[in-house]
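# Overview (structure and organization)
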Amino acid sequence: MDRRGIRSIRRVTVSFLIRDEEERLNRSGVNALQIDAKSSRLYTAGRDSVVRCWDICKYGLEEDPYIHSMEHHTDWVNDIVLCKDGRTMMSASSDTTLKMWDAQRGICLSTLRTHKDYVKVLAYARDVDKVVSGGLDRQIYLWDIATLTNLTATNNTITTSSLVGQKSSIYSLAANPNGSLVISGSTEKTLRVWDPRKLAKITKLKGHSDNIRAIVIKDDGSECLSASSDGTVRLWSIGQQRCIDTFRMHSSGVWTLAVDEDFTKFYSAGRDGCLFVTDIQSQESTLLCCEETSILNLCLNPTDDYHSIWVATSNTHVNKWPTELAPVDSTSHNDDDVDEEEEASPLHCNPVDCIPGGDCIKSFTVLADKRHILTSDLDNKVTLWDVFTASKVQELGNVEVEEEEKKWQKPYYIPNWFSVDVKTGVCFFIIIMQSCDHFVDADDTTGGVRVFLSLGAWR
């Protein structure tokens, strides 16, 4: 009871999801990609909360490329980085946690709960083995990978440093290999340059007019590229603290970047689904390919001398496209607006390989009996689910949801006792169980199943 003498009612929330015992296919969009060149493994971080590992040398063969899944997150996995020559991995999620993994075995080593909101992005300084994390809580944390991988049950004290002064949610981070430079991008529309060794801000770079979604730094720390939702890619001189060039080849927001080893050309993609390759010196841009939906991440393929690039989209599959440039006309893009009447044709029309995806649930309808739900996936296929038994009842195919819903109409009202979330592309149920003293035992007239309805606590 509280101080007024009124009995308080304890609420317990139980949540569960329905999916296969082993989820071998991406069930929603893929936010991040990483390749371990030594083992020829591709890692995909999905909006279905799962990180998957694939053997990309098996493509073109009849063998299944799937190796294992890492399933400890409970919300979108927004970014991943491979550390210690591919032996370990850090993942960042919208469940506000960071996780350290044994990447080779798919085992979760530790969970870091320092962030207070979605963790959106990671950056890795490979020479000093440190990771930088940032998210919607406006915080940037520095992590020593050697310390995190040596945690034990008795030695479990975690210490971290932070870069203080970021005023907006962070969507992009980059670090040079020796860890002497970190650059952050945010909804503030500016790039902040930091010295992580002194935990101090060096300068701010202004020029973008919208959220900054991706950053890459030249290895020597002299220059960087930034991509923004304003549709531009900008090249910056960090020493001169100014914008050198602006590239306008996209028709809408640019969300991801990849650069070659020499920092002579970059690949850009985003909301318009177009993948461009641009020569930094000549400013010539070529449209490599077009995806059906927005492109979320790019990863150049080191296993074939960077002759291909893996592309992740808001669809469930991941495509591999060739990067070779045929002798076709290229268009120079500098500070002039793109001619809207000019429509460039993509250099490549079909990917050379594809990691297929699974069914992604996009919508649901709770039926009148408050026991069954109907879901519809990206192919408009409808499925019937039973919440009581947490199971799939029937795949109905391409039918009208409204017509199926009418078949379940009831002459009486049943209150809601659960909620459904399909954000991750699978059914996630949340049940609030209220402690109570009395129940009504009623018969389910449709199926002969006994249903217990809680009436709450008597006072």
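Residues numbered from 1 in each chain as written. Predicted model: local features only at pLDDT ≥ 70, side-chain atom pairs only at ≥ 80, totals over all residues. Heavy atoms only, no water.

### Details of the sheet that holds strand 18 (residues 212–217)
Short version of the rule: Two strands are said to pair when DSSP picks up at least two bridges between them. Secondary structure elements follow DSSP: runs of H or I no shorter than four residues count as helices, runs of E no shorter than two count as strands, and numbering proceeds from the N terminus. Structural elements are reduced to axes, namely lines fitted to C-alpha atoms, with helices fitted over the stretch in contact, and the angle between N-to-C directions of any two is expressed from 0 to 180 degrees.
Across the sheet, which stays open at both edges, the four strands sit in the order 18-19-20-21 with antiparallel pairing between neighbours. The sheet is open, and its two borders are formed by strand 18 and strand 21 (242–247), each paired with just one other strand. When strand polarity is set aside, the average angle formed by the axes of neighbouring strands in this sheet is 25 degrees. Sheet analysis places strand 19 (residues 223–228) next to strand 20 (residues 233–237), joined by five bridges and oriented antiparallel. What sits directly across from Ala-227, in strand 20, is Val-233.

### Overview of the confidence of the model for the protein chain
Spelled out, the test is: The pLDDT score gives, residue by residue, the confidence of the prediction method on a 0 to 100 scale. Note on contacts: a residue pair is in contact if any heavy atoms of the two residues lie within 4.5 Å.
Per-residue pLDDT for the protein chain has a mean of 87; in total, 86% of the residues score no lower than 70. In the predicted structure, residues 327–333 sits below a pLDDT of 50 and forms 19 contacts with residues beyond four places in sequence or in another chain.

### Side note on unusual backbone geometry
The line we're drawing: Whether a residue is buried, partly exposed or exposed follows from its accessible area with a 1.4 Å probe, protein chains only, as a fraction of its type maximum: under 20%, in between, or over 50%, in that order.
Even without a glycine there, the phi angle at Phe-263 is positive, about 55 degrees. As for its placement among the helices and strands, Phe-263 is situated in the loop between strand 22 (254–259) and strand 23 (265–270). What makes Phe-263 buried here is its relative accessible area of 9%. Not every positive phi belongs to a glycine, and Gln-283 is a case in point at roughly 65 degrees. Secondary-structure assignment places Gln-283 in the loop between strand 24 (274–279) and strand 25 (284–290). Judged by its relative accessible area of 12%, Gln-283 falls in the buried class.

### Some details on the side chain of Ser-184
Short version of the rule: Pairs of N or O atoms are called polar contacts if they sit within 3.5 Å, as long as, within protein, a hydrogen donor faces a hydrogen acceptor (for residues adjacent in sequence, only side-chain-to-side-chain pairs).
Checked against the element boundaries, Ser-184 lands in strand 15 (residues 182–186). One polar contact links Ser-184 to Trp-194, side chain to side chain, over a distance of 3.0 Å. The residues touching Ser-184, leaving out its near neighbours within four places in the chain, are Ile-140, Gln-166, Ser-172, Leu-173, Thr-190, Leu-191, Arg-192, Trp-194 and Ile-215.

### A few points about the environment of Leu-367
If you trace the backbone, Leu-367 turns up in the loop between strand 31 (361–366) and strand 32 (372–377). Distance from Leu-367 to Lys-406, taken between C-alpha atoms, is 8.9 Å for residues 39 residues apart in sequence. If we skip the residues at most four places from it in the chain, Leu-367 touches His-372, Ile-373, Leu-374, Leu-384, Glu-405 and Trp-408.

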